[in-house]
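Understanding the architecture of this molecule
This is what each chain is made of:
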Amino acid sequence: MNPTPSRHAASTETVAKPAAYPDGREADAPWPWQADSQLIYRDLRNAIVSLHRRPGEILDERSLAEDYGASRPKVRQAINRLSDEQLVERQPHHRRVRLGVARIPLRALPEAGEMRKALETRVVRYAARRATADQIARLRAAIERQRICETAGDIDGFHAADEAFHALLSEVAGYPGFWTTVGRVKAQLDRCRRLGLLVFGGMGPVIVEHEAIVAAIAAHDPDRAAALMASHLDGVSGTITKLRSEVPGYFYEPENPHSSR
C-alpha cells in the first residue's frame, strides 16, 4: 500500500469505501426523513466508526444539513458531540476552521483497551459460572453467523455479528449493561479493528478465538475464559502497530488524550 498522508488528511487511495451502511442504506443515499440531532449523531458516528467516512474526510455542515433534511444547528449539535469523542476534528484552513473526520488518536487507545479488557474479562468469568446449555448454543450460533460473513467476505456483516456476540456474552453473564458501557469507550478501537480487517483481513483468527472463549465458558472454567478474552482483546495492539506503518495518515499523536488536534 502506498498512502500519501498530509498533516490533516489521510490518503483517499488507501482503503476502499464500502458501498452501503450496515442498515442497508446506500453510502451516498440521502436521508429519507427529517433527522434530529440525536439521529444525525448516531448515523455519523456509525459512519465514522465503520470507516464509511474515513480519517481526513472533510465534513461540510451545509451539505450534511441538506442530506439529513435538518437545520444546521441540529447538525452542529451532532458535530460537537462527535468532536467531544475525538471522532471529528476542527482543522485551520485559510483563516477559517474546516471540519473533518478525526484521525485516530494514539494516546487514547491504551486506556480504552484496558477499560474494555477489565470489563469483558469480568463478563466471561460470570458467563462461565452461569451459562446454561441454551445460552451456550446461542453463543455458538452467533459464531456461526460470523463464519457465514467470513465466507461471503462481508466485513460490515462480520462486524455486526461480532458486536452481537460480545453483547450476548454480557447477557449470558447476567449484566447486559456491561456491554453498553464498553460501547462508550471503544469507538477508536473499533476504527482500528475495522481498518485492520480492510487492510489485512483476518476474520478467521477472530472466529477461532471466539470459539475458544465459548469452549471455556461451556466447560465452566472462569479463569481460562478470562485469560482467553484478555489475549483476544490484546490482539488489537499488534494490529495497531502494523497499521501505523501501513497507513500512518490515519493516526496522530495528540498532546494529551483529550486534545482535538
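Side chains that are nonpolar tend, in soluble globular proteins, to be buried together. Formed by 30 residues in total, the largest nonpolar core has its most connected members in Val124, Leu139, Phe165, Leu169 and Ile217. Elements supplying a minimum of two residues to this core: helix 4 (109-130), helix 5 (133-152), helix 6 (155-173), helix 9 (203-218) and helix 10 (222-246). Examining the composition of this core, we find that 7 residues originate from one element, helix 6, more than from any other. Leaving out residues up to four positions away in the same chain, valine 124 has contacts with Leu169, Ile213, Ile217, Ala225, Ala226 and Met229. Membership of the second largest hydrophobic core comes to 19 residues, among which are Tyr41, Val49, Val75 and Val88.

What follows concerns the pattern of salt bridges. This structure, assessed with the given rule, holds 18 salt bridges. As a salt-bridge pair, lysine 117 and glutamate 114 come within 3.5 Å of each other at their nearest N and O atoms. Residue lysine 117 and its partner glutamate 114 are located together in helix 4, separated by 3 residues, close to a single helical turn. According to the relative accessible area criterion, glutamate 114 is partly exposed, its value standing at 48%. Between lysine 186 and glutamate 163 there is a salt bridge, with the nearest N and O atoms lying 2.7 Å from each other. In this pair, lysine 186 sits in the loop between helix 7 (177-185) and helix 8 (187-200) while glutamate 163 sits in helix 6, placing the two residues 23 residues apart along the sequence.

Given the relative accessible area of 16%, lysine 117 is considered buried. In this structure the side chain of lysine 117 is engaged in a polar contact, spanning 3.0 Å, whose partner is the side chain of aspartate 234. Aside from chain neighbours lying at most four places away, what touches lysine 117 is Ala230, Leu233 and Asp234.

A word on unusual backbone geometry. Phi angles above zero are rare outside glycine, and leucine 51 is one such case at about 70°. Checked against the element boundaries, leucine 51 lands in the loop between helix 1 (37-49) and strand 1 (58-59). Owing to a relative accessible area of 2%, leucine 51 belongs among the buried residues under this scheme. Positive phi outside glycine occurs at histidine 220, with the angle close to 55°. For histidine 220, the location among the structural elements is in the loop between helix 9 and helix 10.

Next up on the list: the pairing of strand 3 (residues 96-101). With 2 bridges joining them, strand 1 and strand 3 adopt antiparallel strand pairing. The residue bridging leucine 59 from the neighbouring strand is leucine 99, located in strand 3. With 6 bridges joining them, strand 2 (residues 88-93) and strand 3 adopt antiparallel strand pairing. What sits directly across from valine 88, in strand 3, is valine 101. Between strand 2 and strand 3, which follow one another and run antiparallel, lie 2 residues, and histidine 94 among them has a positive phi close to 50°.

What counts as what
Residues numbered from 1 in each chain as written. Predicted model: local features only at pLDDT ≥ 70, side-chain atom pairs only at ≥ 80, totals over all residues. Heavy atoms only, no water. Core = buried A, V, L, I, M, F, W, Y, C linked by side-chain atoms within 4.5 Å. Buried < 20%, exposed > 50% of the residue type's maximum accessible area, 1.4 Å probe, protein only. Helix = DSSP H or I, 4+ residues; strand = E, 2+ residues; numbered from the N terminus. Contact = heavy atoms within 4.5 Å. Salt bridge = Lys/Arg side-chain N within 4 Å of Asp/Glu carboxyl O. Polar contact = N/O pair within 3.5 Å; in protein donor to acceptor, adjacent residues only side chain to side chain. Pairing = 2+ DSSP bridges.

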